[in-house]
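The residues making up each chain are set out below.
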Amino acid sequence: MNKIIDFWEGLSNKKRGLLFIIAGMLCLFGCLVLLIFTESIFSTVLLYFSLGFNIIGLYILMWIKDRRDKK
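Counting from 1, residues in each chain are numbered in the order their sequence is written. Residues qualify for local features only when their pLDDT is at least 70, as the model is predicted, and side-chain atom pairs are given and counted only at 80 or more; totals for whole chains, interfaces and linings, by contrast, use all residues. For the side-chain quantities, the full set of heavy atoms in the structure was used; hydrogens and water were omitted.

J.: So what's going on with the overall build of the chain? Which residues, and what values?
T.: Counting its secondary structure elements, the chain contains three helices and zero strands. A radius of gyration in this sense is built from C-alpha atoms; the matching globule rule multiplies 2.2 Å by the number of residues raised to 0.38. For the chain, whose C-alpha radius of gyration is 15 Å, the value lies well above the compact-globule estimate of 11 Å for 71 residues. With the C-alpha coordinates aligned to their principal axes, the bounding extent of the chain is approximately 50 × 30 × 10 Å. Residue burial in the chain is summarised as follows: out of 71 residues, 21% are buried. Numbering of helices and strands starts at the N terminus; helices are DSSP runs of H or I of at least 4 residues and strands are runs of E of at least 2. Burial classification: accessible surface area is computed with a 1.4 Å probe over protein chains only, and a residue below 20% of its type maximum counts as buried, one above 50% as exposed, and the rest as partly exposed.

As structure tokens, this is what we get:
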């Protein structure tokens, strides 16, 4: 567990944002696969996760851009 926390603390904010966006894209891909092939209710859950991850990632990236513009 400490290795994961150390890894996360070692990442820059830009890499954290991109990591959230990548996770959101993976969830979105899984959602589409489940929706097309199984019509599972779990695809809706994955869709909400993907939206959440993408919103968090974009918020981090926009926050970094805003901080850079103020300097």
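Having put the structure on the table, let's press on.
J.: Before we move on, can you summarise a nonpolar patch on the surface with the specific residues and values?
T.: Think of a patch as exposed residues, more than 30% relative accessible area, with no salt bridge, where like charges cluster within 9 Å and nonpolar side chains (Val, Leu, Ile, Met, Phe, Trp, Tyr) cluster within 5 Å. Residue exposure ignores everything except the shown protein chains as possible cover, and the areas themselves are Shrake-Rupley values with a 1.4 Å probe. The rule for a salt bridge is simple: a side-chain nitrogen of Lys or Arg has to be within 4 Å of a carboxyl oxygen of Asp or Glu. A surface patch of nonpolar side chains, about 650 Å² in accessible area, is lined by Phe 29, Leu 32, Val 33, Leu 35, Ile 36 and Phe 37. Looking at the element boundaries, Ile 36 is found in helix 2 (residues 13–37).

J.: Outline the packing of aromatic side chains, supporting the account with residue identities and numerical values.
T.: Planes of paired rings set the category: under 30 degrees apart is stacked, over 60 is edge-to-face and the rest tilted, where pairs are Phe, Tyr or Trp rings (Trp by its six-membered ring) whose centres lie within 6.5 Å. One pass over the full model with this rule turns up two aromatic pairs. Geometrically, the ring pair formed by Phe 20 and Phe 53 is tilted, given 6.1 Å between the ring centres and 40 degrees between the ring planes. Of this pair, Phe 20 sits in helix 2 while Phe 53 sits in helix 3 (residues 42–70), and the two are 33 residues apart along the sequence. Ring geometry for Phe 49 versus Phe 53: centroids 6.3 Å apart, planes at 25 degrees, classification stacked. Pair noted here: Phe 49 and Phe 53 are both in helix 3, with a separation of four residues, about one helical turn. Phe 53 gets classed as partly exposed once you look at its relative accessible area, which sits at 26%.

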